[in-house]
Amino acid sequence: MNTVTIQLTDEHLLKLQETATHLGISLEELVLKSVEELLERSEVTFKEATDYVLQKNSELYQRLA
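A quick note: this is a predicted structure, and the numbers were derived from the prediction, not measured.

## Some words on the overall build of the protein
- A count of helices and strands for the protein gives 3 helices and 0 strands.
- Going from the N terminus to the C terminus, the protein shows its helices and strands as α-α-α.
- Whereas a compact globule of 65 residues would reach a radius of gyration of roughly 11 Å, the protein reaches 20 Å, over 25% beyond that.
- Relative to its 65 residues, the protein shows a buried fraction of 3%.
- Counting every atom, the protein has about 6300 Å² of accessible surface; 58% of that belongs to carbon and sulfur.
- If you average the places of the 6 positive and of the 12 negative side-chain charges in the protein, the two averages end up 12 Å apart.

Following this line, the structure appears as structure tokens:
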């Protein structure tokens, strides 16, 4: 596992701390879960886009084959 260090404004750090407290989790866990969700969403969005393009152009691909 690796460690990443980022710089945040005081305002952003305070908002993150408040959110973590509200959710009953640590600041580190909130940030990790947020990054994981972002990465998963990116994968899903990419797969949905490729599926759409493949479906939309399937007739063309069949004619070219």
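## Structural notes on the pattern of salt bridges
- Under the defined criterion, the tally for this structure stands at 3 salt bridges.
- Between Glu 11 and Lys 15 there is a salt bridge; the shortest N-O distance is 3.5 Å. Taken together, the positions of Glu 11 and Lys 15, both in helix H1 (residues 10–23) and 4 residues apart, correspond to about one turn of that helix.
- Between Lys 47 and Asp 51 there is a salt bridge whose closest N-O contact spans 3.0 Å. In this pair, Lys 47 and Asp 51 both sit in helix H2 (residues 27–56), 4 residues apart, roughly one turn of the helix.
- Taking relative accessible area as the criterion, Asp 51 reaches 36% and is therefore assigned partly exposed.

## Digging into the environment of Leu 8
- Its location among the elements puts Leu 8 in the segment before H1.
- A C-alpha to C-alpha distance of 20 Å links Leu 8 and Leu 39, two positions 31 residues apart in sequence.
- Aside from chain neighbours lying at most four places away, what touches Leu 8 is Leu 13 and Leu 16.

Criteria and thresholds
Residues numbered from 1 in each chain as written. Predicted model: local features only at pLDDT ≥ 70, side-chain atom pairs only at ≥ 80, totals over all residues. Heavy atoms only, no water. Helix = DSSP H or I, 4+ residues; strand = E, 2+ residues; numbered from the N terminus. Rg over C-alpha atoms; globule rule 2.2 N^0.38 Å. Buried < 20%, exposed > 50% of the residue type's maximum accessible area, 1.4 Å probe, protein only. Areas by Shrake-Rupley, 256 points an atom, 1.4 Å probe, with all protein chains shown as cover. Lys, Arg positive; Asp, Glu negative; His and termini not counted. Charge placed at Lys NZ, Arg CZ, Asp CG, Glu CD. Salt bridge = Lys/Arg side-chain N within 4 Å of Asp/Glu carboxyl O. Contact = heavy atoms within 4.5 Å.

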